[in-house]
Protein chains: 2
Amino acid sequence: MKISKAAKACGLSADTIRFYEKSGMLPDIPRGPDGHRDISAKDIDWLTLLYWLRETGMPLKQMKRFTALAKAGDAGVAERRQILRDHSAELGRRRALLDRCEEVLAIKIASYGEAP
Amino acid sequence: MKISKAAKACGLSADTIRFYEKSGMLPDIPRGPDGHRDISAKDIDWLTLLYWLRETGMPLKQMKRFTALAKAGDAGVAERRQILRDHSAELGRRRALLDRCEEVLAIKIASYGEAP
DNA sequence: TAGCGGGTTGGAGCAGCTCCAAGTCAACAG
DNA sequence: CTGTTGACTTGGAGCTGCTCCAACCCGCTA
């Protein structure tokens, strides 16, 4: 699969995919005879997971750690699971922030007087 | 109030407050005879609102627009309300993303096998 | 009178993209 | 066969939104 199709499939931009590859966050992606990337369905799965992680604010540093563990295979499974658990907990905290912010906004909007 | 106390009160860092001031996102903050900022309770309210907006991902550009409207007084109220409404809607979308991500993580975690 | 704990400024550095220039190659039009 | 289009390649510059740093000033206590 070419990069632009892959981008649509995983939700990241083509530039971001290239950037993640440069940063060592992707498995080795083979090139065709024309030098173009040949991105597999497995790669798409990985990219999609990365998409979710960064979309919900995981720092690159942690994504790199996660990648390194994935490359290590079974040995890294426990820590990978822990990272995902931690991130899941982080999402809970973020949701609480969103909720609190909605309250703040509601109060502020009300203070401007109701809808015109 | 001095800047470090203000930082604690509003949730932003002292550096961020200075940065926001440089960027024109704060009302004019007077200096004492020693050159130090004298931040008022009203300023804290404003900073706290900015804290919530940026904490939930509003871009600086929009925060600047919001600030400009606030400086314009009553004339800008309708648009300010609209900006907050739009942001509130945005929060809904973000919550949906968080929810979706939690599902994805749960599936991924399960695929590693249950807790050791 | 020296040192400490705050504050001030301008500017550099960082994360995480995002965009651009310059080049290559395949495919198709004329 | 040549020319144009379009999708890809790379390296590197630019952008956002902080975050940190150096160099300095000021008031205070020992």
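Read on for a plain summary of the structure. None of the values given here were measured: they were computed from a predicted structure.

Details of the nonpolar core
Ranked by size, the top nonpolar core spans 68 residues in total, and within it Ile17(A) and Ile17(B) carry the most contacts. Residues lining this core come from more than one domain, with at least three contributed by each of domain 1 (1-55) and domain 2 (58-116) of chain A. For Ile17(B), the contacting residues outside a window of four places in its chain are Ile3(B), Ala6(B), Ala7(B), Cys10(B), Leu12(B), Leu26(B) and Leu47(B).

Some remarks on the layout of surface pockets
Within this model, the largest pocket holds a volume of roughly 510 Å³. In terms of lining, the largest pocket is formed by 19 residues, of which the most central are Lys42(A), Asp45(A), Trp46(A), Leu49(A) and Lys108(B). In terms of residue count, helix H3 (residues 41-55) of chain A provides more of the lining of the largest pocket than any other element does, seven residues in total. Residue composition of the lining of the largest pocket, by class: 10 nonpolar, two polar and seven charged. Each pocket or cavity is described by its volume, and for the second largest pocket that value is around 440 Å³. What lines the second largest pocket is a set of 17 residues, among which Lys108(A), Lys42(B), Asp45(B), Trp46(B) and Leu49(B) lie closest to the centre. The biggest single contributor to the lining of the second largest pocket is helix H3 (residues 41-55) of chain B, with seven residues. Partitioning the lining of the second largest pocket into residue classes produces nine nonpolar, two polar and six charged.

Side note on the protein's contact with DNA strand D
Taken together, the neighbourhood of DNA strand D is formed by 16 residues, with Arg18(A), Arg31(A), Arg37(A), Tyr20(B) and Leu60(B) sitting nearest. Ser4(A) is positioned such that a nitrogen or oxygen atom in its side chain is 3.0 Å from a phosphate oxygen of DNA strand D. At a separation of 2.8 Å, a phosphate oxygen of DNA strand D approaches a polar side-chain atom of Arg31(A). Listed by contribution, the elements that provide at least two residues to the surface near DNA strand D are helix H1 (3-10) and helix H2 (14-22) of chain A together with helix H2 (14-22) of chain B. At four residues, the largest contribution of residues to the surface near DNA strand D is made by H2(B).

A look at the packing of H1(A) against H3(A)
Residues and elements named next belong to chain A. Following both chains from N to C, one finds H1 and H3 inclined at 50 degrees, their axes separated by 9 Å at the closest point. Taken together, the axis directions place H1 and H3 in an arrangement best described as oblique. Viewed along their axes, H1 and H3 form a crossing whose handedness is right-handed. Side by side, H1 and H3 meet where Ala6, Ala9 and Cys10 of the first sit next to Ile44, Leu47, Thr48 and Tyr51 of the second.

Quick look at the pattern of salt bridges
Within the structure shown, the criterion is met by 20 salt bridges over all chains. The shortest N-O distance in the salt bridge between Arg95(A) and Glu102(B) comes to 2.2 Å. Residue Arg95(A) is located in helix H5 (residues 77-111), and its partner Glu102(B) is located in helix H5 (residues 77-111); the two belong to separate chains. Judged by its relative accessible area of 24%, Glu102(B) falls in the partly exposed class.

About the cut-offs
Residues numbered from 1 in each chain as written. Chains lettered and ligands numbered in written order. Predicted model: local features only at pLDDT ≥ 70, side-chain atom pairs only at ≥ 80, totals over all residues. Heavy atoms only, no water. Core = buried A, V, L, I, M, F, W, Y, C linked by side-chain atoms within 4.5 Å. Buried < 20%, exposed > 50% of the residue type's maximum accessible area, 1.4 Å probe, protein only. Domains from an automatic or database assignment. Contact = heavy atoms within 4.5 Å. 1 Å grid on protein atoms, 1.4 Å probe; cavity = no way out; pocket = protein on both sides within 12 Å on 5 of 7 lines; lining within 4 Å. Points joined across faces, edges and corners; volume = space filled by probe spheres on them. Helix = DSSP H or I, 4+ residues; strand = E, 2+ residues; numbered from the N terminus. Nonpolar A, V, L, I, M, F, W, Y, C, P; charged D, E, K, R; others polar. Near = heavy atom within 4 Å. Polar contact = N/O pair within 3.5 Å; in protein donor to acceptor, adjacent residues only side chain to side chain. Axes fitted to C-alpha atoms, helices over the stretch in contact; angles between N-to-C directions. Parallel < 35°, antiparallel > 145°, perpendicular 65-115°, else oblique. Left-handed = near helix turned anticlockwise from the far one by under 90°. Salt bridge = Lys/Arg side-chain N within 4 Å of Asp/Glu carboxyl O.

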